[in-house]
Amino acid sequence: SFAVDSGVPADRVRVIHNAVDPVMFQFGNRAEARRALGVEDERTLVVSVGHLVSVKRFHVLIDGFSRYVARNPGALLVIIGGPSFEPTYPVELHAQVRRLGLEGCVRFTGNLCPSDVAQWLRAADLFALVSAREGCCNAVLEALAVGVPVVATPVGDNARFVDPDRNGLLVPVDDPGAIAIAIERVVRSGNWNRRRISADLHRQVGDWADVGRRVLSFARETLGR
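Here the structure is a predicted model, which means the values were calculated and not measured. (Residues numbered from 1 in each chain as written. Predicted model: local features only at pLDDT ≥ 70, side-chain atom pairs only at ≥ 80, totals over all residues. Heavy atoms only, no water.)

One pass over the structure, following the stated rule, counts 13 salt bridges. For Glu134, the salt bridge goes to Lys56, with nearest N and O atoms at 2.7 Å. Here the residue Glu134 occupies a position in the loop between strand E4 (126-129) and helix H6 (138-146), and Lys56 occupies one in the loop between strand E1 (45-49) and helix H3 (58-71), the gap between them amounting to 78 residues. Here Glu134 matches Lys56 in class, with each residue buried. Here Glu184 and Arg188 are joined by a salt bridge, their closest N and O atoms 2.3 Å apart. With Glu184 and Arg188 both in helix H8 (residues 176-188), this residue pair falls four residues apart, about one helical turn. (Salt bridge = Lys/Arg side-chain N within 4 Å of Asp/Glu carboxyl O. Helix = DSSP H or I, 4+ residues; strand = E, 2+ residues; numbered from the N terminus. Buried < 20%, exposed > 50% of the residue type's maximum accessible area, 1.4 Å probe, protein only.)

This is the structure we're talking about:
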């Protein structure tokens, strides 16, 4: 880690990853979720979640998705999240969608409550988030928690949780061509065991009570010195 590389003794550093709400973000029936959301069974659905800021690289995702749609008409990209500290960025994203002729293929939902986010994730063929920078990304963890395969960049802790060809694929930052190829590979592969993806993630990260216990344990250990 940066702290250890900067000279902090390793025994004074503890990495405690984020967790998920195990009740809200759990494996569920994809067909039922699609019926509730009005998404046709045969339509490829890509879901992304995050604040509409440039570091999340939604413009790169839309570019990559447009290349996928050119070969696979009818696919749908749903971007969940609202404006944040870059008020012009959402405007630019909408303009990009119009410029690429994707008005019927890209949908912006704005902010949604967690239960609605979970429903969209269960309905998805894949989750995609191609950020230029992340920490421990809750959106990636929540997608894996419901069992949907993930396409993500290897930034922050993503490479720790996204295991290529087991629960998703990793793509380089700012590479729309690689994004299009990854979407194609995920959709065409029939090897995604969604129940296992969900179980593996829950076992790996636990819930927020587990995070609290780990933090308190490290605090007591540190104070005990």
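Both faces of the sheet carry side chains from a regular strand, because those side chains alternate between them. The alternating pattern of E4 places Leu126 and Ala128 and Phe127 and Leu129 on opposite faces, both of which are buried. Relative to E4, E1 runs parallel, the two being bridged by two bridges. Opposite Val47, over in E4, you have Phe127 as the bridge partner. The pairing of E4 with strand E5 (residues 150-152) spans three bridges and is classified as parallel. Counterpart to Ala128 in the pairing with E5 is Val151. Regarding the hand of the β-α-β motif, the stretch spanning E4, H6 and E5 is right-handed. (Pairing = 2+ DSSP bridges. Right-handed = clockwise from strand over helix to strand, strands pointing away.)

What follows is about the packing of helix H2 (residues 30-37) against helix H5 (residues 114-123). Put simply, H2 and H5 touch, their axes get as near as 7 Å, and they point 120 degrees apart. When the axis of H2 is compared with that of H5, the two are oblique. Here the hand of the crossing between H2 and H5 comes out left-handed. The segment H2 lies against H5, with Arg30, Ala33, Arg34, Ala36 and Leu37 engaging Gln119, Trp120, Arg122 and Ala123. (Axes fitted to C-alpha atoms, helices over the stretch in contact; angles between N-to-C directions. Parallel < 35°, antiparallel > 145°, perpendicular 65-115°, else oblique. Left-handed = near helix turned anticlockwise from the far one by under 90°. Contact = heavy atoms within 4.5 Å.)

Turning our eyes to something else, we now look at the environment of Arg203. Structurally, Arg203 can be placed in helix H9 (residues 194-205). Exposure remark for Arg203: the relative accessible area of 61% places this residue in the exposed category. Considering only alpha carbons, one finds Arg203 and Trp120, 83 residues apart in sequence, at a separation of 22 Å.

With that out of the way, let us pick up the nonpolar core. Membership of the largest hydrophobic core comes to 67 residues, with the highest contact counts inside it found for Leu45, Val47, Phe65 and Phe127. When near neighbours in sequence (up to four residues on either side) are disregarded, Phe65 contacts Val46, Ala75, Leu76, Leu77, Cys105, Val106 and Ile183. (Core = buried A, V, L, I, M, F, W, Y, C linked by side-chain atoms within 4.5 Å.)

Pairing between strand E2 (residues 76-80) and strand E3 (residues 106-110): four bridges, direction parallel. Within E3, the position partnered with Ile80 by the bridge is Gly110. Handedness of the crossover is the feature at issue here: the chain leaves E2, passes through helix H4 (residues 88-99), returns alongside E3, and the resulting connection is right-handed.

What follows concerns the sheet that holds strand E6 (residues 168-170). Reading across the sheet, the six strands line up as E3-E2-E1-E4-E5-E6 and stay open at both edges, with parallel pairing between neighbours. Looking at strand neighbours, the two that pair on one side only are E3 and E6, the edges of this open sheet. Ignoring which end each strand starts from, the neighbouring axes of this sheet average 20 degrees apart. Direction of pairing for E5 relative to E6: parallel, over a ladder of three bridges. By the bridge assignment, Val150 is partnered in E6 with Gly168. Here H6 sits on the sheet and contacts E1, E4 and E5; the angle it forms with E4, its principal contact strand, is near 170 degrees.

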